[in-house]
Number of protein chains: 2
Amino acid sequence: MMNHRELLQRTYDHARETSMLAGTLALLEWDQHTYIPSRAGAFRADQITCLSGILHERQTSPTYGDWLATLAESDFAKDRESIDAANIRGLLRDFKRNIQLPESLVKATAHATSIGQQIWAEARANDDFISFLPALETIINLRREEASILQKPDRTKYDSLLDQYEEGADSEHIANVFDSLRRELVPIVQQASEKERISSRKIVAGSVFEIDAQRRLARWVAQQIGFDFDRGRLDDTEHPFCTTLGPHDHRILSRYFPDSYSSGLYGVLHEAGHGMYEQGTPTDMHGLPAGSAASLGIHESQSRLWENVVGRSRGFWRWLLPHAYQHLPPLRDFSLERIREDLNRVEPSLIRIESDEATYNLHIFVRFEIEKDLIDGDLKTSDLPDLWNQRYREYLGVTPLNHATGLMQDVHWSAGLIGYFPTYTLGNLYAAQIMQAAENQLGDMEELFSRGEFFPLLEWLRVHIHSRGRCIQPHELMRQVTGKPLEADSFLNYLKSKLL
Amino acid sequence: MMNHRELLQRTYDHARETSMLAGTLALLEWDQHTYIPSRAGAFRADQITCLSGILHERQTSPTYGDWLATLAESDFAKDRESIDAANIRGLLRDFKRNIQLPESLVKATAHATSIGQQIWAEARANDDFISFLPALETIINLRREEASILQKPDRTKYDSLLDQYEEGADSEHIANVFDSLRRELVPIVQQASEKERISSRKIVAGSVFEIDAQRRLARWVAQQIGFDFDRGRLDDTEHPFCTTLGPHDHRILSRYFPDSYSSGLYGVLHEAGHGMYEQGTPTDMHGLPAGSAASLGIHESQSRLWENVVGRSRGFWRWLLPHAYQHLPPLRDFSLERIREDLNRVEPSLIRIESDEATYNLHIFVRFEIEKDLIDGDLKTSDLPDLWNQRYREYLGVTPLNHATGLMQDVHWSAGLIGYFPTYTLGNLYAAQIMQAAENQLGDMEELFSRGEFFPLLEWLRVHIHSRGRCIQPHELMRQVTGKPLEADSFLNYLKSKLL
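Residues numbered from 1 in each chain as written. Chains lettered and ligands numbered in written order. Predicted model: local features only at pLDDT ≥ 70, side-chain atom pairs only at ≥ 80, totals over all residues. Heavy atoms only, no water.

With the rule as written, the count across this model stands at 66 salt bridges over all chains. One salt bridge connects Arg-345 of chain A with Asp-342 of chain A, and the closest N-O pair in it is separated by 2.7 Å. Side by side, Arg-345 of chain A and Asp-342 of chain A carry an identical accessibility label, which is buried. Note that Lys-107 of chain B is salt-bridged to Glu-103 of chain B, the shortest N-O span being 3.9 Å. Residue Lys-107 of chain B and its partner Glu-103 of chain B are located together in helix H5 (residues 103-125), separated by 4 residues, close to a single helical turn. Residue classification places Lys-107 of chain B among the partly exposed residues on the basis of a relative accessible area of 23%. Three or more residues joined by partner-sharing salt bridges are found here, namely Arg-93, Asp-94, Lys-152, Asp-163, Glu-167 and Arg-470 of chain A. (Salt bridge = Lys/Arg side-chain N within 4 Å of Asp/Glu carboxyl O. Buried < 20%, exposed > 50% of the residue type's maximum accessible area, 1.4 Å probe, protein only. Helix = DSSP H or I, 4+ residues; strand = E, 2+ residues; numbered from the N terminus.)

As structure tokens, then:
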């Protein structure tokens, strides 16, 4: 019979070894999105499936479950503020979810999403929804099945997916927050759109921004804001993302277009925000809740904060301008204010990740409502394009040109990420709240940014957010850090003062 | 009770799933040699260790062993010429070896060699043997332990390591072949060295061969000789190698120096030879002996054949010259004959992979004798540098300048690859025999090479070598393909006609 201390150690060791497999799976996926040869995709899907099965077996080992149950009753769990208690709580929560899922479902989902992303990438390139449809249908059916299994009493099926990304979130509450946010956003968008601003076409008209130069500039910017390249990488991919392979291995990815000076850069700023969060979690707790991110909403708060609140600020561009001029000569025809206006121009558009900070959330509302309907309602996958286009007309007043700029623009559903999208708007709201709290303590940071000094902000985020891990639920973390629960006012005030 | 056909299917499925894990391990290692962030090495070693344990568990599953034992007595094993019989034979052989090795030893070796390669790379860069010594000692002790466990009656310990790379090989027989080869090589080297040739310094003096241009040229050459980039990649690394991640995923790696036009290119030619062999094994048999390479000696025959027999031929350079001139302008001062002489100049030197075809084998003899002594004798790891330098003086008449150009030049020992080196000279001998057999059927190929037509040779190799997999032992394969057992005459005749 082990004593509780030994049991805790064994449990931690088990979780850490599990994280080695999870990191291996992340490498298989990272490679699939970067360097894999074109014909190797099918076998890669088999590998991912195989490893997902092994991972799930470890995550649901009955002995491990017994250890956690014992620990949950032990002294270690009693002091709810302690790190150990948080770890036990989080691990038990994960175990209880995983144990409900049959290995066959886990493996089928792993296979369908690995293949699904491959099919999506090709179908998007060819604007071919029909060839993507069967794969998407399979994925949605598998996620519906998972949602049914995990559904809690008095909660919707969709909630059980949402809960995987944002612990404790409730889609009804989110829907209410989003509804009132939408009501407030509509006049802001209208008013801001009417302001006379330079058209994007003016800045890019006929200009070619050399891809290699964009890459170098973006990498340098990521380094300057604090992303640690000794513990991470930046690579090219189809759709930007960030992934963690180990406690000192955080990889960000973006893509660059010759006719845009900002698209690749802001992809990198966003993903570097994610990466710096991961790099700020306690490395000695890697693989445990205390060494993990609090939630995806908090994660998105970090990425959106660096991308927008910092990256589209006047101070940031005051600092960046000479470097941008140097790397991207066609920009030299435009002043600081012109570029800043261009980057903050409010204009309903088709592509979420290219959109401004105000209309961005309208893109999310479309996805959130469709997702809920896919899981809880009787929306058919084949009806998706029509509904998508209809909602875009309704919410944004624009109609997708094709499937590639419509519902196939995002990788998420092909990767099985359903219930993920709302965390982006949560992230926007959190980011505004967090930035306000930071400013209350650090003062206005525009001056620092204009000198390229990002460390005070990063350090503040590390102390107040990153180092906290996943020890408390996101809404509680927000309350502790900002003194307020989730609310839209900070974000709306931020938007108004910036855009109007 | 399963019938034998079902049992065979299950066994194949098990082996194929095992190959998915082996391919995953290969990805972890490939990434460690290419793109891993500098601080992520320790966790990577943990990941490799963890996965090696899981792989070993699968490879030694008692149920799987029972299946194989039953199949070995079944009708499937009776027709020894059949593919199924070959698969059963090969899988059972692997199982019997793996089952003898305790998981703790397998994991300890995986960890020591992952860390070992990291320490080696840094120590080599700093010419610092002392910091490499403890890691090397650990690895050698682990391999000694493995050799003791696997040792067969009437065989040396070293034989049990050698047998992992060259099935059925016997170090005493190899030592005899090498001894007589050495006696024949000495006058060839002497006579060839005396021939007046352009000095390497003359071609490179002050020249800078742009790294990117070298990379592009090497990639293009690999493509032209038949390496399929839809099923493979070429990347940069510290020490060239080739690795297989799946049936359609073969990755080759090389490195380039600004003061050499040939070093990177010949690294690529060598590794592309390995890669094309792997690409030529039957993909539907991937993970099974029939879909694997026959042995490392046969593997090296393919790499050395493309690197040397093809790559240093007059025909090859007749074809390559205009392209080389285009990519590497400083070469333009030199004629076809000058370059060819430069590439075939016999001169005892320090670095194995940079050496000419004749002295190359002397580098191997040094390593082979030291390895045997490390495993079977009482050679101390700390005495290695002195013995190395002494042997280099004795066999090659040169003295290493330092450890980096001495015993730390090769990655092999740091990766635990002890018993591997002799397969290079076996490869040289096999390659000459194979090329003679090919020429008997296809005629002189110089004319084809000069037109860039490499497909007839590749196709011949595919039919006679690649597609055969690991169905018979290498010496039997050689007998069938060349009509002769392993012998040195073909190689010596080839050398004489080329170099004297």
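In this section: the sheet that holds strand E1 (residues 232-236) of chain B. By definition, the strands of a sheet pair up through backbone hydrogen bonds, in either a parallel or an antiparallel sense. All names here are of chain B. Strands sit in the order E1-E3-E2 across an open sheet of 3 strands; the sheet is mixed. Of all strands in the sheet, those with a lone pairing partner are E1 and strand E2 (241-246), marking the two edges. The sheet shows a mean angle of 20 degrees between the axes of neighbouring strands, taken without regard to direction. Sheet topology places E1 next to strand E3 (residues 249-254); 5 bridges connect them, and they run parallel. Residue pairing across strands places Asp-235 opposite Leu-253, the latter belonging to E3. (Pairing = 2+ DSSP bridges. Axes fitted to C-alpha atoms, helices over the stretch in contact; angles between N-to-C directions.)

Here we come to the interface of chain B and chain A. Contacts between the two partners involve 37 residues from chain B, matched on the other side by 37 residues from chain A. Its largest share of buried area at the contact with chain A, chain B owes to Met-20, Arg-39 and Phe-43 of chain B, together 21% of the area lost on that side. Linking chain B with chain A are 4 salt bridges. Of all the secondary-structure elements, those providing two or more residues to the side of chain B that touches chain A are helix H1 (4-32), helix H2 (41-59), E1, E2 and E3 of chain B. The element contributing the most residues to the side of chain B that touches chain A is H1 of chain B, with 10 residues. (Contact = heavy atoms within 4.5 Å. Buried area = accessible area lost by both parts, 1.4 Å probe.)

So, on to the nonpolar core. Grouped together as the largest cluster of nonpolar side chains are 119 residues, with contacts concentrated most on Leu-305, Trp-306, Phe-316, Trp-317 and Leu-457 of chain B. Per element, the largest residue contribution to this core is 10 residues, and it comes from helix H17 (residues 422-442) of chain B. Other than its neighbours up to four places away in sequence, Phe-316 of chain B contacts Val-221, Ile-225, Tyr-266, Leu-269, Val-310, Gly-311, Phe-449 and Phe-454 of chain B. Counting residues in each nonpolar core, the second largest holds 118 residues, with Trp-120, Ile-364, Leu-426 and Phe-454 of chain A among its members. (Core = buried A, V, L, I, M, F, W, Y, C linked by side-chain atoms within 4.5 Å.)

Pairing of E2 of chain B with E3 of chain B, which is carried by 5 bridges, proceeds in the antiparallel orientation. Along E3 of chain B, the bridge assignment pairs Gly-246 of chain B with Asp-249 of chain B.

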